[in-house]
Amino acid sequence: MIFQTAFSLPTPTALLSPSCPHQLNHRRRRLISPSRLNSSFAQRRFSSSVAASGNDVFTSPETSKTFEFSSEEKIYKWWESQGYFKPNFDQGGSPFVIPMPPPNVTGSLHMGHAMFVTLEDIMVRYNRMKGRPTLWLPGTDHAGIATQLVVEKMLASEGIKRVDLGRDEFTKRVWEWKEKYGGTITNQIKRLGASCDWSRERFTLDEQLSRAVVEAFVKLHDKGLIYQGSYMVNWSPNLQTAVSDLEVEYSEEPGFLYHIKYRVAGSPDFLTIATTRPETLFGDVALAVHPEDDRYSKYVGQTAIVPMTYGRHVPIIADKYVDKDFGTGVLKISPGHDHNDYLLARKLGLPILNVMNKDATLNDVAGLFCGLDRFEVREKLWADLEETGLAVKKEPHTLRVPRSQRGGEVIEPLVSKQWFVHMDPLAEKALLAVENKELTIIPERFEKIYNHWLTNIKDWCISRQLWWGHRIPVWYVVGKDCEEDYIVAKNAEEALEKAHEKFGKDVEIYQDPDVLDTWFSSSLWPFSTLGWPDVSAKDFNNFYPTNMLETGHDILFFWVARMVMMGIEFTGTVPFSHVYLHGLIRDSQGRKMSKSLGNVIDPLDTIKDFGTDALRFTIALGTAGQDLNLSIERLTANKAFTNKLWNAGKFVLHSLPSLSDTSAWENLLALKLDKEETLLSLPLPECWAVSKLHILIDSVTASYEKLFFGDVGRETYDFFWSDFADWYIEASKSRLYGSGGNSVSLASQAVLLYVFENILKLLHPFMPFVTEDLWQALPHRKEALIVSPWPQNSLPRNVESIKKFENLQALTRAIRNARAEYSVEPVKRISASVVGSAEVIEYISKEKEVLALLSRLDLNNAHFTNAPPGDANLSVHLVASEGLEAYLPLAAMVDISSEVQRISKRLCKMQTEYDALVTRLSSPKFVEKAPEEVVRGVKEQVEELEEKIKLTKARLGFLKSTTSLVSQ
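Attention here is on the structure that accompanies the text.

Calculation notes
Residues numbered from 1 in each chain as written. Predicted model: local features only at pLDDT ≥ 70, side-chain atom pairs only at ≥ 80, totals over all residues. Heavy atoms only, no water. Phe/Tyr/Trp six-rings, centres within 6.5 Å; stacked < 30°, edge-to-face > 60°. Helix = DSSP H or I, 4+ residues; strand = E, 2+ residues; numbered from the N terminus. Buried < 20%, exposed > 50% of the residue type's maximum accessible area, 1.4 Å probe, protein only. Lys NZ or Arg CZ within 6 Å of the ring centre and 35° of its normal. Axes fitted to C-alpha atoms, helices over the stretch in contact; angles between N-to-C directions. Left-handed = near helix turned anticlockwise from the far one by under 90°. Contact = heavy atoms within 4.5 Å. Nonpolar A, V, L, I, M, F, W, Y, C, P; charged D, E, K, R; others polar. Pairing = 2+ DSSP bridges. Parallel < 35°, antiparallel > 145°, perpendicular 65-115°, else oblique.

**Examining the packing of aromatic side chains**
Inference 1: Summed over all chains, the structure comprises 47 aromatic pairs.
Inference 2: The interplanar angle of 40° and the centroid separation of 5.7 Å between the aromatic rings of W177 and Y181 together place this pair among those described as tilted. With W177 and Y181 both in helix α6 (residues 167-181) and four residues apart, the pair spans about one turn of that helix.
Inference 3: For W177, a relative accessible area of 9% puts it in the buried group.
Inference 4: Aromatic side chains W519 and F558 sit 5.0 Å apart centroid to centroid with 20° between the ring planes, which places their arrangement in the stacked category. In this pair, W519 is assigned in helix α14 (residues 518-522) and F558 in helix α17 (residues 556-571), connecting sequence segments 39 residues apart. The residues W519 and F558 share a single accessibility class, namely buried.
Inference 5: Looking at R162, its charged tip hangs above the ring of W467, at a distance of 4.6 Å from the centre.

Here is the structure:
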């Protein structure tokens, strides 16, 4: 479908917005005459050949003052409706595949999501434009603990408890909640411009993915890598489930160290222990001292009486594990409630005594304290110990408290029967993958962390005492020992069949009530989403293994390492060849964003105020693995960048011929600026602009390939803002509205269009919305920008032209600086004599209209020669570069007598400031008592003023000498 877009005339002041500090000398910009604009462009209409479902999808710089953020959602829907997000095999090439880190189905968009969406979308859009079949596979995670918590809270508000509903009804309610609210995070991710293939969207509890989970469990169990046993786990009392080591966060919190006396049996002596958790003494099975601690060696082999236990005796033992310098040097061993004590007890063959229920109340082992909460017991027990004289002292102590990452409650170490994965054999292969360069981790420094964790890996507790999740595919026989007589099967029918074969036809079976850790299903994500365990699936064969896994460095162990292990185990292949780890987004002061600090920046609010493109560009300028400080100032600056792009597009569009002028367009399109012969035929500014663009394309493409996205953004930003907008667009006005002739004007039009459309291509992965909108406004577009080909590498460039134009730039800057120093009125045109060698003067004089426009020179009084002018001693002498100078007649620039008065006043003021600072420094009282940095600051001010006074005196002397010469 071909659609027409009508362009109206903008106000002249809107052509280039001076909203960013990077622009140079905006007051000296020459505005285009409205009458000339009207006569040139009033009748023009542009056409685009890219299909769009109506004119309401795209806006144009000629009809809109700024890019409208409201267009973003319309553009996104149009992209999706055209099928651009799906992999396209028409051009061949190897696929580029990224599995999206599945956000929790309970989630709402935060800056962490914005980070991964931006970086992954940059990779995807770049590779799509490179012509590769590109698949970004999206999905969400069922988030067992988080989702169950959300629904339980919702039910509690209705006065309903989970246990009252029963498992089936509760699970039904969770599915209903998921259907109603589960799409929130997906829609928000779309708002960020994520160009993933939503037709392939997955959910970890989908039928296919659930089949993969069961298959994985069965295979691991059959190989002896999954086992059941009673071991120490991290228990969440509120959630009533075990959580993994990685889901426990430790925080330093104020607490106490309690000193308690234990009587040595059969002796008047006492041993004093120091503990942070006195409530666990009911689970003590021994007291331990260091074998080389002479204070206690005589007690080793005896027994001690545990306080408040009605005389229960425990052995006093010696072990090098004890730190004799901590506390009293006597350690109570409570293996049922401390990870280290548990390991020590197993080594020494001590019994395990559990004193807590699963809700963190104490059980009947605690006697009178049975049924009380652990923290309540701590207070009451201490009071009783004080009353009996067994309490020695309680002193403040900083505790390292384990808290649940999900619920925030204090985790209780507890011995519990759980399912575990034996990790050592899996970790060994994952370590080899990095060692053999099958897997590259970016930044490289994270390889050491990855290797350290896998080398010291513990077995993975994969069972969770929840109702929402993948049910463990294990069945027990009624009346049989659960630890010995269980059946692993893919479904209930298969389990019953196995039970009948093993135990007879009359047996009954029931399924294990636990579910699998959410990370178990997530560890299969790169291949379960593509059809595994069906290895004949089309997507599995087309897209596995994937190319890239991009995620936060904080889940390198939670997710990345586990995917590597599972991928190798089940497919024989590393699931992705590269891992790109991003850092955290912090506030402008480098603090972690949190509600308590009130420094959370909401992505959706940011998009509303600054636009998606500005947010994406800001986030993408970070460095892999490094945290990024996000500030309103950065967002504001990049919003200005979006506006600058828009205004540049407006200028380019106004510069082009009318589409009805077929002859002009034939000539324009015939200029193949990617060919060396065409490049060399261009005038100097045009040859410079195209050469610089071609250098940029090579540099930026190399940075994209290396995943140096910060470099891409900065290089493209600098080229667009400085080289293109500040220099070439300004220079082109001398062609478009000067007397250069049709051929020069045509070359300028072609270069403006060529450079601008390539800038849009280079920026599109970062800023997809504004670049697509601008692309659609340009004439003769054959396809959407999102699928347009990436610029070619190694295009011609003319180094000599670059050097020549840099000379012209140096001369322009020198003249501009002189005008500023002498406070020449911006609109005033001045005289100049440009002096240089014959070669230099030849190419500089050819561009005299450009120089005059950029420097505000009077062309009738601009002379180009190889010798200084006769009035050189009455002129400001400028050295632009070696072999290129300029003389600016002073009398033509300023009123010399007025300037002498102005500078004299300024010199007087500077001298007064200088004298005051010198007096301050000469005071011993100030130098001795003031802070060192204050004294240093004053010294720096004195040095700076000395230099300014010296320069000002020289200028004043020059002005006075000029006055005397003029009067003679």
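Next, the rest of the story.
**Some words on the packing of helix α27 (residues 799-821) against helix α29 (residues 848-855)**
Inference 1: Where α27 contacts α29, the two axes come as close as 9 Å, and the packing angle between them is 30°. Judged by the sense of rotation from one axis to the other, the crossing of α27 with α29 is right-handed. Of the residues in α29, those touching α27 at L808, L811, T812, I815, R816 and R819 are V850, L851, L854 and S855.
Inference 2: Among the residues forming the contact of α27 with α29, the class breakdown is six nonpolar, two polar and two charged.

**A few points about the sheet that holds strand β21 (residues 486-488)**
Inference 1: Pairing is antiparallel across the open sheet formed by three strands, whose spatial order is β21-β20-β22. Lying at the two open borders of the sheet, with one neighbouring strand each, are β21 and β22 (509-511). Across the sheet, the axes of successive neighbouring strands diverge by a mean angle of 30°, strand direction being ignored.
Inference 2: Note: strand β20 (residues 474-477) against β22, three bridges, orientation antiparallel. In the sheet register, W475 faces β22, and the bridge partner there is Q511.
Inference 3: In the packing of helix α13 (residues 492-503) onto the sheet, the strands contacted are β20, β21 and β22, and the crossing angle to β21 comes to about 135°.

**Quick word on the packing of helix α3 (residues 111-129) against helix α19 (residues 612-620)**
Inference 1: For the pair α3 and α19, interaxial distance at closest approach is 9 Å and the crossing angle is 85°. With respect to α19, the element α3 is oriented roughly perpendicular. Contacts from M111, A114, M115, T118, L119, D121, I122 and R125 in α3 reach L615, R616, I619 and A620 in α19.
Inference 2: In terms of residue class, the contact of α3 with α19 is made up of eight nonpolar, one polar and three charged.

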